[in-house]
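Commentary on secondary and tertiary structure
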Amino acid sequence: MSLTKERIGAAPQAGMSRAEQNVEKRRLRGKAKAPEMRGRGRGAAGGRVRLNADTIPILKRLFAYLGSGYMGMFVLAVVLMAVDALLTVRITLFIRELIDEYIKPILLMDQPYFGDLLKALIRTGIMAFFVAVTVFTNALLMRKISQGVIRKIRLEMFSKLQKLPVSYFDTHPYGDIMSRFTNDVDSMRQVLSQSIPQVLSSVVTIISVFVAMISLSLPLTGIVMVFVVLTYFLAIAIGGKSAAFFKQRQSALGEMNAFIEETMNGQKAVKVFCHEDEAEAEFGILNRTLREKTTSANIYGSIIGPVMANLGNVQYVVVAVFGGWLAISGRAGLSLGDIAAFLTLSRSFNRPVSQISQQINSVVMALAGAGRVFALMDEKPEIDEGQTVLVPVEEKDGALSECTSRTGSWAWKKADGELIPLRGDVRFEDVDFSYVPDKQILYDIKLYAKPGQKIAFVGSTGAGKTTITNLLNRFYELQDGRILYDGLDIKDIKKDDLRRSLGMVLQDVNLFTGTIADNIRYGRPDATDEEVVAAAKLANAHSFIEKLPEGYDTVISGTGSQLSQGQCQLLSIARCAVADPPVMILDEATSSVDTRTESLIQSAMDGIMGGRTTLVIAHRLSTVMNANAIMVLENGHIIERGDHDDLLEQKGRYYQLYTGNAASE
Ligand SMILES: Nc1ncnc2c1ncn2[C@@H]1O[C@H](COP(=O)(O)OP(=O)(O)OP(=O)(O)O)[C@@H](O)[C@H]1O
Ligand SMILES: [Mg+2]
């Protein structure tokens, strides 16, 4: 990352416009973030793309997917390809029979007899029909296999995504993860459904045509081989150039997409700061780069076809002249039919050779995508060695016993079967924490919240308030110290159960596409309609929901853009309330809402706090005045603690915050 800083911080080159400088920064940043595709790149243009030691394991892994569940189909497809190639050669050779065994004798007959010729034609027609059937079946099979494999890969990716620690998302831009799901997966699909079958079928064709040519004439085969070597190297040279530009085109496309996304998200900021012209200028540059790279890639891509075709024509002429000479001079014992058949065969020999050399480029490029997909799959999942689980219980004669259905009472069940009632007692003991090594965020945090207590955190922005709650949820692992929950170290509690017992209203509200009721029910999928409404009432959300066109059935989008910020917050409080957790974490959003909504949110929070242990992070001190204890945080240290009156008496930081003297400090 230090590389990023150096590059970003590098002095812009003289003579560059501001838009050009921005584009350059963007490009360098992207490069530092997304390491270049591994391959022996050459020069600034990225060089040729090649198969190397890094790509082989990826290819093997891709094949392993074929092996799991699709091997039978894949083998069948390969067999069909072989049948197809052999039949095609057989049909090509028919021209020899046609000339030597049917047409020539017929020409010599007084009364031509066409019966045998007709039979032979029907036989060949049937073979051609079979070829068509195998080609069709093959295409069908390969589509089925590739779609099946890709479906499996996507599923594995998504399920991996759910298991990754929060820190993964801190360090990987969403756009990058998204492009693994879309672009990279798609390139894998193309390899599976097109490149691999084409290479395999080309190999089979080459072998069978080669054998057939040798059986017809060794010297003529020699001539063809010279042309094959030429074709191969030309295709590799041109294809390599095209692939290098193709790679650049992909990254130019990525940059442009990222820019469009950013501009759309920040549309209001763009307008407010009148950056329209600048944004357009920047877009213009990105767009031009994309055009240049695409044009270059396409030029080289489209040269291949004509070059190969012309080379094929030259070869055709050379073989025809040389073959004709051999036949006329009677040296190689070649008949007219042999030469006609050979010429046709030689034509179908060049195509697969250039196809292979072209496909190898796209295979390697797709393997780069596959590498990124597999890298995501290989990420270390969140560690969860917790054994203690949350179970519903009932109390009979003063003793707890586990139940199978929800009772409203819960207990922690340790690995040895011991049941500890869920009370909501939270203790931090000497907790130290840093997100990244060498940059400590929290120092020696000690605090306790007894069941039902309200503990508040206040402090300037960046002090570490949200971080404390992230630790209780085990979004991140502690460096030192421990957190106890009902006397249990949270490391010993299964993460799912720990989180289930903690209600959380996050600082940034996340809603999902669906109805209002669905969004509230996100907190507890089996909540009844009555429970959903009750939760909404508790969260003061009921009255605005009722005014929506379809009430609880109103569909909202994931961004919640149809709702006001305050309404989104009320919904997220309702979502928390429906889960009815013993411990609540409320991270008040800094966004300014109007005073009426503020008091609504305030009373909603108070409403659901009743009887629960609550950790409240507040930016408005009115929220925390009634807390049992208030922790004042500064640079990761708790610098003051006590209730509102104590803190005011101390005349310290809290006093300054409360009386608004902070600025004059
Ligand atoms: N995911 C992260 N990776 C690295 N550093 C982080 C991360 N999240 C927060 N930080 C850093 O940790 C420090 C504390 O951040 P935190 O979000 O806990 O502050 P906060 O007190 O909640 O602030 P605010 O009042 O603005 O919400 C900040 O310096 C921040 O830059
Ligand atoms: Mg915060």
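Each remark here, short or long, concerns the structure printed above.
Presented here is a report on the structure given in the accompanying data block. None of these values were measured; they are calculated from a predicted model. (Residues numbered from 1 in each chain as written. Chains lettered and ligands numbered in written order. Predicted model: local features only at pLDDT ≥ 70, side-chain atom pairs only at ≥ 80, totals over all residues. Heavy atoms only, no water.)

With respect to the environment of Leu 253
- As for its placement among the helices and strands, Leu 253 is situated in helix α7 (residues 218-265).
- C-alpha of Leu 253 to C-alpha of Leu 286: the two residues are 33 residues apart in sequence and 8.4 Å apart in space. (Helix = DSSP H or I, 4+ residues; strand = E, 2+ residues; numbered from the N terminus.)

Quick notes on the sheet that holds strand β1 (residues 389-396)
- Across the sheet, which stays open at both edges, the four strands sit in the order β2-β1-β3-β4 with antiparallel pairing between neighbours. Each edge of the open sheet is held by one strand with a lone partner, namely β2 (399-402) and β4 (419-421). Pairs of neighbouring strands in the sheet enclose a mean axial angle of 50°, with direction left out of account.
- Where β1 and β2 come together, four bridges link them in antiparallel fashion. When the bridges of β2 are listed, Lys 396 appears paired with Ala 399. (Pairing = 2+ DSSP bridges. Axes fitted to C-alpha atoms, helices over the stretch in contact; angles between N-to-C directions.)

Some words on the packing of aromatic side chains
- The full count for this structure, using the stated rule, is 15 aromatic pairs.
- Arranged with centres 5.3 Å apart and planes meeting at 70°, the rings of Trp 412 and Tyr 485 form a pair that is edge-to-face. Here Tyr 485 lies in strand β8 (residues 480-485) and Trp 412 lies in strand β3 (residues 410-413), a separation of 73 residues in the sequence. Residues Trp 412 and Tyr 485 agree in their burial class; the two are buried.
- A connected cluster of aromatic rings, assembled from ring pairs, spans Phe 433, Tyr 435 and Tyr 476.
- It is Arg 347 that lies over the ring of Tyr 316; its NZ or CZ is 4.7 Å from the centre. (Phe/Tyr/Trp six-rings, centres within 6.5 Å; stacked < 30°, edge-to-face > 60°. Buried < 20%, exposed > 50% of the residue type's maximum accessible area, 1.4 Å probe, protein only. Lys NZ or Arg CZ within 6 Å of the ring centre and 35° of its normal.)

Notes on the environment of Cys 403
- Summarising the element assignment, Cys 403 is placed in the loop between β2 and β3.
- Residues Cys 403 and Asp 526, 123 residues apart in the sequence, show an inter-C-alpha distance of 17 Å.
- Each residue touching Cys 403, except ones within four places of it in the same chain, is listed here: Pro 392, Val 393 and Glu 394. (Contact = heavy atoms within 4.5 Å.)

Describing the site of ligand 1
- Around ligand 1, a shell composed of 13 residues is seen, among which Asp 170, Thr 461, Thr 466, Thr 467 and Gln 507 lie nearest.
- Asp 170 is positioned such that a nitrogen or oxygen atom in its side chain is 2.8 Å from a nitrogen atom of ligand 1.
- The side chain of Lys 465 places a nitrogen or oxygen atom 2.8 Å from an oxygen atom of ligand 1.
- Burial of ligand 1 by the protein chains amounts to 70% of its free accessible area of 630 Å².
- No other element matches the three residues that helix α11 (residues 465-472) contributes to the shell around ligand 1.
- Looking at the shell around ligand 1, its residues break down into four nonpolar, seven polar and two charged. (Near = heavy atom within 4 Å. Polar contact = N/O pair within 3.5 Å; in protein donor to acceptor, adjacent residues only side chain to side chain. Areas by Shrake-Rupley, 256 points an atom, 1.4 Å probe, with all protein chains shown as cover. Nonpolar A, V, L, I, M, F, W, Y, C, P; charged D, E, K, R; others polar.)

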